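Structural overview
Each chain, written out:
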Amino acid sequence: MKQFRTILLFGAPGSGKGTQGRILGSIPNFYHFSCGELFRNLTPDTELGKIFLEYSSRGQLVPDEPTIRLWQHSIQVAEHDGRFNRKTDTLVLDGIPRNLQQAQMLKGLVKVRAVIYLWGTDINKLVARLQRRALRENRLDDANIKVIRERLQIYERETHPVLDYYGADLVEKIDSTQAPINVLRDILQALVKSAPSTVT
Ligand code: ADP
């Protein structure tokens, strides 16, 4: 199977991956995939829906096996429905891979062209953003300060090392403390630079 041309959106919970990913996904030939959104759309009466609730309510990651399986299935469905075309489209991955194991499991499937690293937002701001989002988007995992702290810790411990896995050459550091429109400008500049063919 041909590998998917891929861009990773990377950053702590609350750093703005979802906001930017949705915008990128509206550009022709870009397909935004949010792993958290996919999980949240499961219904609690399914096996995986139950597993998701169990883990996410504690601020923890869903185990790698079912996560990668769900990812693969969702991409297959998107291809089948004509929403994603591996020949012409760039996959914008948001929230996956989340640890080294997932990065390794995705290895043969994705060809990562750039890692967009949204950095710089201090922890208090991230907490405040997540608490606002809890009300706006009705997200249980954002409502509890203990759960928020657990998620930020897991990000530091398990997700952050994924940057090293892909290596400095692929990583584009973007200051996420800027206004969203400026973050977007920087992301677009980085994408044009790192993979001109993705924006033709
Ligand atoms: P955030 O980026 O704010 O942490 P997400 O919407 O990306 O929020 O994820 C919400 C929850 O969904 C996570 O806390 C985790 O339980 C689960 N999740 C999302 N993506 C993954 C993944 N790649 N691997 C395991 N669990 C995931």
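Please refer to the structure placed before this passage.
Residues numbered from 1 in each chain as written. Predicted model: local features only at pLDDT ≥ 70, side-chain atom pairs only at ≥ 80, totals over all residues. Heavy atoms only, no water.

1. Digging into the site of the ligand
The following threshold applies: Here a residue counts as near a molecule or strand whenever at least one of its heavy atoms sits within 4 Å of it. By the criterion applied in these results, polar contacts are pairs of N or O atoms within 3.5 Å in which, for protein atoms, one can donate a hydrogen and the other can accept it, and in which residues neighboring in sequence qualify only through two side-chain atoms. For accessible areas, the Shrake-Rupley method is used with a probe of radius 1.4 Å. Any residue's cover is judged against the shown protein chains and nothing else. A run of DSSP states H or I qualifies as a helix once it reaches four residues; a run of E qualifies as a strand once it reaches two. Both are numbered from the N-terminal end.
Of all residues adjacent to the ligand, which total 20 residues, the nearest are Gln60, Gly95, Gln102, Arg133 and Arg151. One of the backbone N or O atoms of glycine 95 is found 2.9 Å from a nitrogen atom in the ligand. Measuring from a nitrogen atom of the ligand, one finds a side-chain N or O atom of glutamine 102 at 2.8 Å. In the complex, the protein chains occlude 97% of the 550 Å² of accessible area that the ligand would expose alone. Where the shell around the ligand is concerned, the elements lending two or more residues are α2 (35-40) and α3 (47-56). When residues in the shell around the ligand are grouped by element, the largest group, four residues, is from α2.

2. Here's the deal with the environment of asparagine 138
The test is simple: Accessible area is worked out with a 1.4 Å probe on protein chains only. A residue is then buried under 20% of its type maximum, exposed over 50%, and partly exposed in between.
Its place among the elements puts asparagine 138 in the loop between α6 (123-136) and α7 (145-159). Judged by relative accessible area, which is 67%, asparagine 138 ranks as exposed. Between the C-alpha atom of asparagine 138 and that of aspartate 122, which follows or precedes it by 16 residues, the distance is 23 Å.

3. Examining the side chain of aspartate 89
To be explicit about the condition: Charge convention: Lys and Arg are scored as positive, Asp and Glu as negative, and His as well as the terminal groups of each chain are ignored. When a carboxyl oxygen of Asp or Glu is within 4 Å of a side-chain nitrogen of Lys or Arg, the pair counts as a salt bridge. Note on definitions: a residue-residue contact is assigned when non-hydrogen atoms from the two residues lie within 4.5 Å.
Inspection of the secondary structure assignment puts aspartate 89 in the loop between α4 (64-80) and β3 (90-94). As a buried residue without a salt bridge, aspartate 89 has its nearest oppositely charged side chain in arginine 5, at a separation of 8.2 Å. The residues touching aspartate 89, leaving out its near neighbours within four places in the chain, are Arg5, Asn29, Arg83 and Phe84.

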